[in-house]
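# Report on the structure
Spelled out from the first residue to the last, the chains are:
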Number of protein chains: 2
Amino acid sequence: MAALRRWWGWGKLSRSFPLPSYAQESLFAELELTDRSANSTSAVVEPELPHLPEPRPLAPPCAFSQAFEDRLRCATGRSTPDLLRLRFNRLLHAPDGVVLPENEQQIQELLRWAVDNAVAVVPFGGGTSVVGGVDALRGDHAAVLALDMQKLNQVLDLDEKSGLARIQAGIFGPALEQQLQQRGFSLGHFPQSFEFSTLGGWLATRSAGQNSTLYGKIEHMAAAVRMLTPSDPPSQVESRALPASATGPEIKEMMVGSEGVLGVITEATMRVHALPQATQYQSFFFPDFASGFGAAQQIMQNGLRPAVFRLSDETETRLLMKLGGADRSKGVKLLRLLGKSTYLDGCHFMLGFEGHATLVKAEVSAAKSIAKRCGGLGIGSSPGRRWEKERFELPYFRDTLLDMGIMVETFETAAPWSKLPALHQALRQQLPASLILAHISHAYRDGASLYITWLHDTPDPDQALELWQRMKQIAGEVIMQHGATISHHHAVGSDHKPWMMQERGTGQVQMLRAAKQICDPHGIMNPGKLIPDS
Amino acid sequence: MAALRRWWGWGKLSRSFPLPSYAQESLFAELELTDRSANSTSAVVEPELPHLPEPRPLAPPCAFSQAFEDRLRCATGRSTPDLLRLRFNRLLHAPDGVVLPENEQQIQELLRWAVDNAVAVVPFGGGTSVVGGVDALRGDHAAVLALDMQKLNQVLDLDEKSGLARIQAGIFGPALEQQLQQRGFSLGHFPQSFEFSTLGGWLATRSAGQNSTLYGKIEHMAAAVRMLTPSDPPSQVESRALPASATGPEIKEMMVGSEGVLGVITEATMRVHALPQATQYQSFFFPDFASGFGAAQQIMQNGLRPAVFRLSDETETRLLMKLGGADRSKGVKLLRLLGKSTYLDGCHFMLGFEGHATLVKAEVSAAKSIAKRCGGLGIGSSPGRRWEKERFELPYFRDTLLDMGIMVETFETAAPWSKLPALHQALRQQLPASLILAHISHAYRDGASLYITWLHDTPDPDQALELWQRMKQIAGEVIMQHGATISHHHAVGSDHKPWMMQERGTGQVQMLRAAKQICDPHGIMNPGKLIPDS
């Protein structure tokens, strides 16, 4: 598999995201890069392979590889700094080897061996972390192994009456959906990384998908979770699949989001649903972000449940229209003809409803009436249908941009509705000057996420990494000042660890450390991630 | 307040639930108590006051009472065994005194004092636990105090834009709703105990209310929780109000459901909603429980979201119709005339929808069409409207029955849909012979609750307590054998503690104990509840 992947970037070698000349020119103009000119070649140029530290000799008790390509594949995630480090030979760490256990017993034996040999273990799913969650750090241990879960990849059981599927953690998105859909069911979890990430990774990071506004984040979909721990003696923590219970604190919520620091999530029982009877997209233009925001809030607070929810701010709307060529489309020409071109300076709000046909129809109708009251103009379903086709393509764009000398980083947060407008404003004002796009992709009765795309001309790699660090620091400060969370769905990893004390407070962090102490008393699990150092 | 309450039973002295003669006779017939005859007096006879153990001398650092009525009020909860023990002077424990702190600082000082003086502390809200959750047990401590939260009873803040209300934990249901509703909002949490229970109690026990199928159990409504702990040094655990987050394990879920064993929940930020635009009840008769069950399942799995959901089995339907006089109503006469009287041996399914008018209308229409396909007969909204008026009256009925020499106990569970029919059957077959009613009151995509009412002729108090114990033991075994939970919303307390190891497994219990150790290292908080003894 590794051979077909782009080791220095996103996804498959066979795919890319070439940008037409007119789009390149638009982008240069937006970024005020007056000296650049569009390049019509779209050939993918492979950088030179980076240097990896020498692996330490190890003999773990299961299938094991110290091959360069395996170690490289499991060395780091896919954040923009990761990509820069991969491209420019600045990787400081790699696992000493990769183990590929075939079952829980092998994992349990491996954990015992790792404790006995003081070897750190980093659970590894698809390796798409954008927060340094899978960086092969060994902490103060003798060595570090990546525990690649890819062989635990089956849907073990489907209870069709209850809509509950017991699934192994190492399964990738497409295989999971395929195994369910051939029986008429779907998990409905479609993160941007869907094709290259695993159920275990989603659970470990409290992942959200593009349909999560209806089906919930992965933690809401998980009815039960099973985790193996290197405790004394080695043990497991597992919950039972129950629709709800009142039997004390919910320990399942300690496993979900544990980012590999407590143990290895090996399987989960997931809430799945029959494939929807009806699906309908509906897009609107709003004169500005504020009016679209008002509609978004009312839609959620009136109990509508869109599956897909995407409200772009003015800058994002303008740039995506330019890059996609939509500003030259028939629809846009029609708007100009109709004298409604002011909407084109406004913002795009896309909703997608799915489920029971009667309900979908009512929800679309309610959404239209709320949108109209808030100043929105319905523009039909075609933007949604187009988006659906391209929904997993955007990460490839990051590589195209890096090839063009433009760095793009995304980060996201969430806050109560009342706090979002000021947060949006502050981020736009305070981040290092660049092009800043924002959208809301997940919404709730009490608030929403906010997703920021930050584009900047890339100076040389070291300056770029430094600039990224400065941007990240400012973003974190602004997020905290505004009572928002440091992550809605990207998780903590290494990058957000410095904010965890502020995010959670001493009391919560002490409880996290107590959980770590009981599950992983020797501290071998994914060192340096999630839990603040004491 | 205590003076106006029925110390030996439910609620207010001024209210009761007298049973007309025809209803008494129906009940005797159902229970095959051929020697009983209806009694037309409905006078409430107060039993003799029970004996309480002598209080130990104590001087805690805040408002404090050792008055008999306060100690009696906070001695125990309101399970059927509690009522038997109160009526028949078999109470074995009472707090040495009751403290009534006015703010968090006083609570923190009290906890510090309790640690220093080895005094156990039982957080006390409304005292309506039906699982021994507030029994004043002192464990191996010198004394035990009830910490009555009633003075922390304010809605502190309402963020109308986000629908978030910061509320003190000691507030009772009616005051909470009144303070919110005068500003156009509602929490929408209506447990049977609503009038006499508190927000803190709901949170500590993972309470469910009569509208929870739409708004969620209390844990879904809680955006943030704040808990004071007697840790070394005394501390607090608090979370921030966020719509969602991906920053590691959710420690809030360790506070919710903690039943006073980790600390004192002092306030929470709750998700509230604007008062609904539309409300509509819709009832159906189904020929039998199986067909009603099929409709229930489809309603949830098609994404409908009824607020009120109540599917009674055949026995419950028959008894409630008899007791309420419905079997002599015009509607029932009409059914007989129409030749549809077989439905009267079937089961009643009541749904209540509320929210945005367009959606409510669509949901009622979808529910009707699903019900029809499953063999249901629509009987309109009047059963629902009648139920709404009487929704908090039923607990008084328990006292009336005990006065009549009939013991009634309720317990509840939840399981995936696929496991519920066998569970229902097994409970009906294996519980000690008696009258057994069942209904589903909370439903989810993947399963539902099951609520059992067990009626039995009451022998003398000691035999009754023994019989109850036998019933409870069998119920627990059957529930566990069928993969269900020992409680969907009544919680654990003392009564369900023996099942916790089976419910959760060693791994989870170890994590619970680790949380206990860090929050309450001296073990003063609510001893003997929730966490299995090691």
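None of these values were measured; they are calculated from a predicted model. (Residues numbered from 1 in each chain as written. Chains lettered and ligands numbered in written order. Predicted model: local features only at pLDDT ≥ 70, side-chain atom pairs only at ≥ 80, totals over all residues. Heavy atoms only, no water.)

### What to know about the relation of the copies chain B and chain A
Screw-axis analysis of chain B against chain A gives a translation of 0.0 Å along the axis, an RMSD of 0.0 Å, and a rotation angle of 180 degrees. In symmetry terms, the pair is related by a two-fold rotation axis. (Least-squares fit on C-alpha atoms with pLDDT ≥ 70 in both.)

### Digging into the interface of chain B and chain A
On the chain A side, the residues contacting the 86 residues of chain B number 86 residues. Overall, the association of chain B and chain A removes approximately 6,400 Å² of surface from exposure, summing both partners, and the carbon and sulfur fraction of that is 60%. The largest contributions to the chain B side of the interface with chain A come from Thr-247, Pro-249 and Met-511 of chain B, which together make up 11% of the buried area. Counting across the interface, chain B meets chain A through four salt bridges. For Arg-240 of chain B, the salt bridge goes to Glu-503 of chain A, with nearest N and O atoms at 3.1 Å. Seen at the junction of chain B and chain A, the total is 38 residue pairs in polar contact (both at pLDDT 80 or more). Those elements that place two or more of their residues in the side of chain B that touches chain A are β9 (235-238), α9 (252-255), α10 (289-301), α13 (357-373), β16 (406-416), β18 (447-457) and α18 (500-519) of chain B. At 13 residues, α18 of chain B tops the list of elements feeding residues into the side of chain B that touches chain A. (Contact = heavy atoms within 4.5 Å. Buried area = accessible area lost by both parts, 1.4 Å probe. Salt bridge = Lys/Arg side-chain N within 4 Å of Asp/Glu carboxyl O. Polar contact = N/O pair within 3.5 Å; in protein donor to acceptor, adjacent residues only side chain to side chain. Helix = DSSP H or I, 4+ residues; strand = E, 2+ residues; numbered from the N terminus.)

### Focus on the sheet that holds strand β8 (residues 222-229) of chain B
All names here are of chain B. If you trace the five strands from one edge of the open sheet to the other, you get β5-β6-β10-β8-β9, paired in antiparallel fashion. At either margin of the open sheet sits one strand with a lone partner, and together these are β5 (155-159) and β9. Across this sheet, the average inter-strand angle for adjacent strands is 10 degrees, counted without regard to direction. Relative to β9, β8 is paired through four bridges, and the arrangement is antiparallel. The partner of Leu-228 across the bridge, within β9, is Gln-236. On top of the sheet, helix α5 (residues 173-181) reaches β5 and β6 (164-168); it is set at about 40 degrees to β5, its chief contact. (Pairing = 2+ DSSP bridges. Axes fitted to C-alpha atoms, helices over the stretch in contact; angles between N-to-C directions.)

### Structural notes on the confidence of the model for chain A
Put simply, chain A has an average pLDDT of 95, and 99% of its residues get 70 or more. Interface predicted TM-score (ipTM) for the complex: 0.96; the corresponding pTM is 0.97. (pLDDT = per-residue confidence, 0-100.)

### Quick look at helix α15 (residues 394-403) of chain B
Residues and elements named next belong to chain B. Burial within α15 is extensive, with eight of its 10 residues counted as buried. Among the residues of α15, those classed as buried are Pro-395, Tyr-396, Phe-397, Arg-398, Asp-399, Thr-400, Leu-401 and Leu-402. Buried-residue contacts for α15 involve α1 (21-30), α3 (80-87), α11 (314-323), β16 and β18. Two residues or fewer past α15, Gly-405 is found with a positive phi of approximately 85 degrees. (Buried < 20%, exposed > 50% of the residue type's maximum accessible area, 1.4 Å probe, protein only.)

### Quick word on α13 of chain B
Across its 17 residues, α13 of chain B extends 25 Å between first and last C-alpha, which sits within 8% of the 24 Å expected from 1.5 Å per residue. For α13 of chain B, the complete set of buried residues consists of Leu-359, Val-360, Ala-362, Glu-363, Val-364, Ala-366, Ala-367, Ile-370 and Ala-371 of chain B. Structurally, α13 of chain B contributes buried residues whose contacts are with α13 (357-373) of chain A together with β12 (278-286), α10 and β14 (347-355) of chain B. Within two residues after α13 of chain B, Gly-375 of chain B carries a phi angle of roughly 95 degrees, on the positive side. (Expected span 1.5 Å × (residues − 1).)

### Considerations on the side chain of Glu-409 of chain A
Residue and element names in this part refer to chain A. Summarising the element assignment, Glu-409 is placed in strand β16 (residues 406-416). The side chain of Glu-409 is buried and forms no salt bridge, while Arg-398, the nearest opposite charge, is found at 4.4 Å. Within the structure, Glu-409 has its side chain in polar contact with the side chain of Thr-80 (distance 3.1 Å). Polar side-chain contacts of Glu-409 include one of 3.0 Å to the side chain of Trp-468. Not counting the four nearest positions on each side in its chain, Glu-409 is found in contact with Ser-79, Thr-80, Pro-81, Arg-398, Ile-452, Thr-453, Trp-454, Trp-468 and Met-471. (Lys, Arg positive; Asp, Glu negative; His and termini not counted.)

### Some thoughts on the side chain of Gln-179 of chain B
Residues and elements named next belong to chain B. Inspection of the secondary structure assignment puts Gln-179 in helix α5. With a relative accessible area of 19%, Gln-179 lands in the buried category. With residues up to four places along the chain from it excluded, the contact list for Gln-179 reads Asn-153, Gln-154, Val-155 and Ile-171.

### Observations regarding the pattern of salt bridges
Residues and elements named next belong to chain A. Taken as a whole and assessed by the stated rule, the structure comprises 52 salt bridges over all chains. Between Lys-151 and Glu-102 there is a salt bridge, with its nearest N and O atoms 3.7 Å apart. Note that Lys-151 is positioned in the loop between β4 (143-148) and β5 (155-159) and Glu-102 in the loop between β2 (97-99) and α4 (104-116), a separation of 49 residues in sequence. Given a relative accessible area of 47%, Glu-102 falls into the partly exposed group.

### Description of the pairing of β8 of chain B
All names here are of chain B. Extensive coverage of β8 is indicated by the burial of eight of its eight residues. Relative to strand β10 (residues 264-271), β8 runs antiparallel, the two sharing six bridges. Pairing of Ala-222 across the sheet is with Met-270, part of β10. If you look at the hairpin formed by β8 and β9, you'll find five residues sitting between the two strands.

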